[in-house]
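If you want the building blocks of each chain, they are given just below.
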Amino acid sequence: MEGSSSARVLVSTTLVIRTRTRNGAFKDGDLLVSKEGIRIVPQNEVETPPPIKPSDNQLNLADIDTIKVIGKGNGGIVQLVQHKWTGQFFALKVIQMNIEESYRKQIAQELKINKSARCPYVVVCYQSFYDNGVISIVLEYMDGGSLADFLKKVKKIPEPYLAAICKQVLKGLLYLHHEKHIIHRDLKPSNLLVNHRGEVKITDFGVSAILASTSGQANTYVGTYNYMSPERISGGEYGSKSDIWSLGILLLECATGHFPFSPPEQGEGWNSVYELMEAIVDQPPPCAPSDQFSREFCSFISACAQKDPKDRQRAHELMKHPFISMYEDLNVDLAAYFTDAGSPLATF
Ligand code: ATP
Ligand code: MG
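Residues numbered from 1 in each chain as written. Chains lettered and ligands numbered in written order. Predicted model: local features only at pLDDT ≥ 70, side-chain atom pairs only at ≥ 80, totals over all residues. Heavy atoms only, no water.

This part is about the overall build of the protein. Tallying secondary structure elements over the protein gives 12 helices and 11 strands in all. Within the protein, buried positions represent 45% of all 348 residues. Contacts spanning at least 24 positions in sequence make up 64% of the contacts within the protein whose residues lie at least 6 apart. A total of about 18300 Å² of accessible surface is found on the protein, and carbon and sulfur atoms cover 51% of it. (Helix = DSSP H or I, 4+ residues; strand = E, 2+ residues; numbered from the N terminus. Buried < 20%, exposed > 50% of the residue type's maximum accessible area, 1.4 Å probe, protein only. Contact = heavy atoms within 4.5 Å. Areas by Shrake-Rupley, 256 points an atom, 1.4 Å probe, with all protein chains shown as cover.)

Our next topic: the coordination of the magnesium ion (ligand 2). Reference values for coordination geometry: four tetrahedral donors around a metal ideally subtend 109.5 degrees, six octahedral donors ideally subtend 90 or 180 degrees. Only Asn191 (OD1) and Asp204 (OD) from the protein coordinate the magnesium ion (ligand 2), and they sit 2.0 to 2.1 Å from it. Of this pair, Asn191 sits in the loop between helix H4 (159-179) and strand E10 (192-194) while Asp204 is found in the loop between strand E11 (200-202) and helix H5 (207-218), placing the two residues 13 residues apart along the sequence. Both residues of the pair, Asn191 and Asp204, belong to the buried class. (Donors = N, O, S within 2.8 Å, 3.2 Å for Na, K, Ca; no water.)

In this section: the sheet that holds strand E6 (residues 76-83). The strand order E5-E6-E7-E9-E8 describes an open sheet built from 5 strands, whose pairing is antiparallel. The outermost strands of the open sheet, each flanked by one partner alone, are strand E5 (64-72) and strand E8 (125-131). Between one strand axis and the next, the sheet turns through 25° on average, direction left out of account. Bridge analysis of E5 against E6 gives 7 bridges, and the strand direction is antiparallel. Counterpart to Ile64 in the pairing with E6 is His83. (Pairing = 2+ DSSP bridges. Axes fitted to C-alpha atoms, helices over the stretch in contact; angles between N-to-C directions.)

To continue, consider the UniProt feature "binding site: ATP" (unreviewed entry) in the protein. The feature "binding site: ATP" (unreviewed entry), as given by UniProt, occupies Lys93 in the numbering adopted here. In this structure, Lys93 sits in strand E7 (residues 89-96). (UniProt positions renumbered as here; feature names shortened; annotations may be inferred.)

Okay, the packing of helix H7 (residues 241-256) against helix H9 (residues 295-304) next. The N-to-C vectors of H7 and H9 enclose an angle of 145°; their axes lie 7 Å apart at closest approach. Helix-helix and strand crossings are classified by hand; for H7 and H9 the assignment is left-handed. Contacts between H7 and H9 involve Ile244, Trp245, Leu247, Gly248, Leu251, Leu252 and Ala255 from the former and Phe297, Phe300, Ile301 and Cys304 from the latter. Partitioned by chemical class, the residues of the contact of H7 with H9 number 10 nonpolar, 1 polar and no charged. (Left-handed = near helix turned anticlockwise from the far one by under 90°. Nonpolar A, V, L, I, M, F, W, Y, C, P; charged D, E, K, R; others polar.)

This is the structure we're talking about:
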């Protein structure tokens, strides 16, 4: 029919895409194609999308590119990933497990608590997903890796740096214990992350509870007992002071360069994990050698590593301990200290 054919309008658009911008959008002349659609932008306009905030709830696994695997733990792997549209880096923790229906609610609850934490001394959890037996957790990327990685390089951490590190960890614990009423349960050098700005942040609280709750049926998770408090090992009730014990043990390890509980045979490892657990429960608490360390440091360690949790100090009390402030005048530069050791992961 003549009328309808004359009314037919054919619109054809051919888009030749030339450049991919830093954030994953495409640009050709004045035309910008991004997740938000097509837009005209003047040639000289520098386009910087706002960074994703933890409260945004807009992260999607399809929008991130994997760059490399940066770590492996007992529970899964950690990858460095980049968000396609903003160029932001994140760490993606992937835990594979077949979870029974009854555990799902508990895990969802733990992840919700994880995500609700807002504190500069706690690693930000941006989002988490559960799909087909795989839990994916998008975390703030800490480009210096963990204190365990760092300790491997430097062997020992001198007291002034340790005091500055400890102050940040205590601020994180103060938040978790006194504001959120959360016990970390797995405080250890690999769960303290550092970055090129000299920041130290606590990570993986709640994750150990998830893994432990599913370990009975999955039977795959064997965490470390090295930093576990005596009352927890002996199956008693435990609370936030259990984390304080772990803090004392890990600080002593960082200061001396070796794990404080040594096996009975010199140079040998522990024959079994039960022997180590027995030592933690039965042996006197470890202490810092007074001929190598300041009186303040020795006293700080003994304020943490007391067998009876009642004798241990809480995070807010430890914040006032003289060890925390004794090196303040030195203004130690943790940023330079972490960076000079040469982070293997640094991407910035
Ligand atoms: P476990 O599984 O026994 O708790 P772990 O803490 O070493 O041991 P993961 O939590 O999986 O295991 O972490 C493995 C490694 O990945 C860490 O030691 C650290 O080097 C790296 N890593 C973890 N989270 C981040 C992050 N947010 N940013 C940068 N690196 C990270
Ligand atoms: Mg960890």
